[in-house]
Structure formats: structure tokens, C-alpha cells
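Understanding the architecture of this molecule
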Amino acid sequence: MYDADIREPLFDYLDEVYIKNRIFEEKIMGRSRADLVMIVEQGFIGLEIKSDADTYERLKTQTGDYDKFCDFNYIVAGQSHKKHVAEHVPDWWGILIASEKDGKILIQLEREPQKNLKCRLEQQIKWLWRTELNSILEKNSLPKYTGKSKKFVQDKLLEKINPQILKGQMVNELFERDYEEWLKSYAEYRKAKNLPVRKRRKKRRYYYRK
């Protein structure tokens, strides 16, 4: 059983458990690339897939990076890892096991995730686009900080807004993110500046259920 075999059944499972969600694949965080980051009303959930064909070689680094960015984390492991997977992830990580029965792949909960106390809002805010940061500035009647860097705006939001309120607004921005509109406006901007319009990368898949 490989990573690609697990993903579709995993998406179906997550849609059933987390009714409102949005999933981003292959998200860079720290030194790692997260397999999946799911946005839910409670915050950010990271999911690392270890299929039967995978090893634990990079997992220590990966768990450290996931813990900086995500409020909750799961490892999704193939059946061959079931016996020992808990030894390789922190106690607060949830465990999902992917197994095959009668030609179908099933996802079963082995351990519930606990709140990750190492997660930092200053890491999560790095995932927001400048337009999304500007939207939060406007909602909180803050200056536009025109000409300032993205890092400057991030720091101002962290300084000026209650963390719980800011987290909720960040989640809402990610729920509403529109890749197609952003790509269109970005292409128009480059054209207006007489810059070459870059070829689109293959669209990453995401799921959003209300």
C-alpha cells in the first residue's frame, strides 16, 4: 500500500469527521513538506502519511516541524507500521491506521490527537498571503502599512490583535482563499509591469466542505 492509495480514502474519512474543512497538500513548513494541512474551525491540523513503503528515517525532523505550525497532528500509517508507530511520534499526536479489506482501504482511528502546546501563531501566520493579511488589517481597523514588508505586517497583527481573535480570522481567510482569482490578478500585475507571465504550476488539490 502506497501513499497514493491512502489519500482518497483518507480524504473521505476526514470529510466525515471534520464536516467543515479545507485541505492543502504538500505545504512547506520549516525543513519539512507536510503531506496535508487541514484547516478546521478549531485551527490547523497536520497529517503525515507513512505508507507501508515508507520508513521513519525523517520522521523526527518532520514531527518537530509539524509541532511548530499545527494545533493538532496525526500520523497516518500503513498496516505494517501499526505495532510500532506510536514509538516514533510524540504522545500528543493522533494515529490513524490505513488497512486493506476486500479490496478497499479503510482508515481507522487508533489514537485521538491532543492539543499541541508547542504550536506558535507566529509560525502559522506565515502561511497567509499579503492580500489576506491586508484583509485582517481592514477588519480590525488597522492602518494598511503601505510599503512595509510582509514580515512587518505579520508582526503588527500579532502585536495588535488578541491571539484567539487573530487565529479565528486567519482560519476564515484560509477557508475563503481563492487560488484562481489570485492567479488571475497576479498574471495581470506581471503583464502591467511588462514582466513575463510565468507558466502555471499544476494546481494543487484541496477539499472544502461546508
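To keep things clear, this report deals only with the structure shown in the data block. Residue indices follow the written sequence of each chain, beginning from 1 at its first position. Per-residue local features are limited, in this predicted model, to residues with pLDDT of at least 70; the limit for side-chain atom pairs, both in listing and counting, is 80 or more; totals at the level of whole chains, interfaces and linings are taken over all residues. Only heavy atoms go into the side-chain values, all of them from the structure, while hydrogens and water stay out.

Helix and strand assignments come from DSSP, with helices taken as H or I runs of at least 4 residues and strands as E runs of at least 2, each series counted from the N terminus. Summing up its helical and strand segments, the protein chain has seven helices and seven strands in all. N-terminal to C-terminal, the α/β element order of the protein chain is α-β-β-β-α-β-β-β-α-α-α-α-α-β. Residues counted as buried form 43% of the 210 residues belonging to the protein chain. Partitioning the intrachain contacts of the protein chain with sequence separation of at least 6 by distance along the chain shows that 60% fall at a separation of at least 24. Here the accessible surface of atoms and residues is derived via Shrake-Rupley with a 1.4 Å probe, and residues count as covered only by protein chains that are part of the display. Total accessible area on the protein chain is roughly 12,400 Å²; 49% of this is exposed by carbon and sulfur atoms. Exposure is judged per residue with a 1.4 Å probe applied to protein chains only, and the accessible area is read against the type maximum: over 50% gives exposed, under 20% gives buried, and values in between give partly exposed. Contact between two residues is taken to exist if any of their heavy atoms lie within 4.5 Å; hydrogens are not considered.

A separate point is the environment of Gly-30. Residue position: Gly-30 is located in the loop between strand S1 (21-29) and strand S2 (32-40). Taking the C-alpha atoms as reference points, Gly-30 and Gly-64, separated by 34 residues in sequence, lie 9.0 Å from one another. In this structure, Gly-30 is in contact with Asp-65 and Phe-69, ignoring residues within four places of it in sequence.

With that settled, the discussion passes to the pattern of salt bridges. Salt bridges are identified by distance alone: a Lys or Arg side-chain nitrogen within 4 Å of an Asp or Glu carboxyl oxygen. Within the structure shown, the criterion is met by 15 salt bridges. In this structure, Glu-26 engages Arg-7 in a salt bridge whose closest nitrogen and oxygen atoms are separated by 3.0 Å. Separated by 19 residues along the polypeptide, Glu-26 in strand S1 and Arg-7 in helix H1 (residues 3-17) bring together distant segments of the chain. Arg-7 gets classed as buried once you look at its relative accessible area, which sits at 11%. Among the charged side chains, a salt-bridge network with shared partners connects Asp-3, Arg-7, Glu-25, Glu-26 and Asp-35.

For Arg-130, the location among the structural elements is in helix H4 (residues 130-139). Judged by its relative accessible area of 27%, Arg-130 is partly exposed. On a C-alpha basis, the gap between Arg-130 and Lys-151 in space is 9.7 Å, while along the polypeptide they are 21 residues apart.

Let's shift gears to the packing of aromatic side chains. Think of a pair of aromatic rings as described by two things: how far the centres are apart, and how the planes are tilted against each other in angle. Only the six-membered ring of Trp is used, alongside the rings of Phe and Tyr, when aromatic pairs are assigned; centres must lie within 6.5 Å, and planes under 30 degrees apart are stacked while those over 60 apart are edge-to-face, with the rest tilted. All told, the structure shown has four aromatic pairs when counted by the stated rule. Where Phe-69 meets Trp-127, the ring centres are 5.2 Å apart and the plane angle is 20 degrees; that geometry is what we call stacked. In this pair, Phe-69 sits in helix H2 (residues 59-69) while Trp-127 sits in the loop between helix H3 (121-124) and H4, placing the two residues 58 residues apart along the sequence. Trp-127 matches Phe-69 in its accessibility class, with the two residues each being buried. Aromatic pair Tyr-145 and Phe-152: ring centres 5.4 Å apart, planes at 70 degrees, arrangement edge-to-face. On the basis of relative accessibility, which here comes to 16%, the residue Tyr-145 falls in the buried class. A connected cluster of aromatic rings, assembled from ring pairs, spans Phe-44, Phe-69 and Trp-127. Whether a charge sits over a ring comes down to the Lys NZ or Arg CZ being within 6 Å of the ring centre and within 35 degrees of the ring normal. The ring of Phe-152 carries Lys-148 above its face, with NZ or CZ at 5.0 Å from the centroid. Seen from the ring of Trp-129, Arg-177 lies directly overhead, with NZ or CZ sitting 3.9 Å from the centre.

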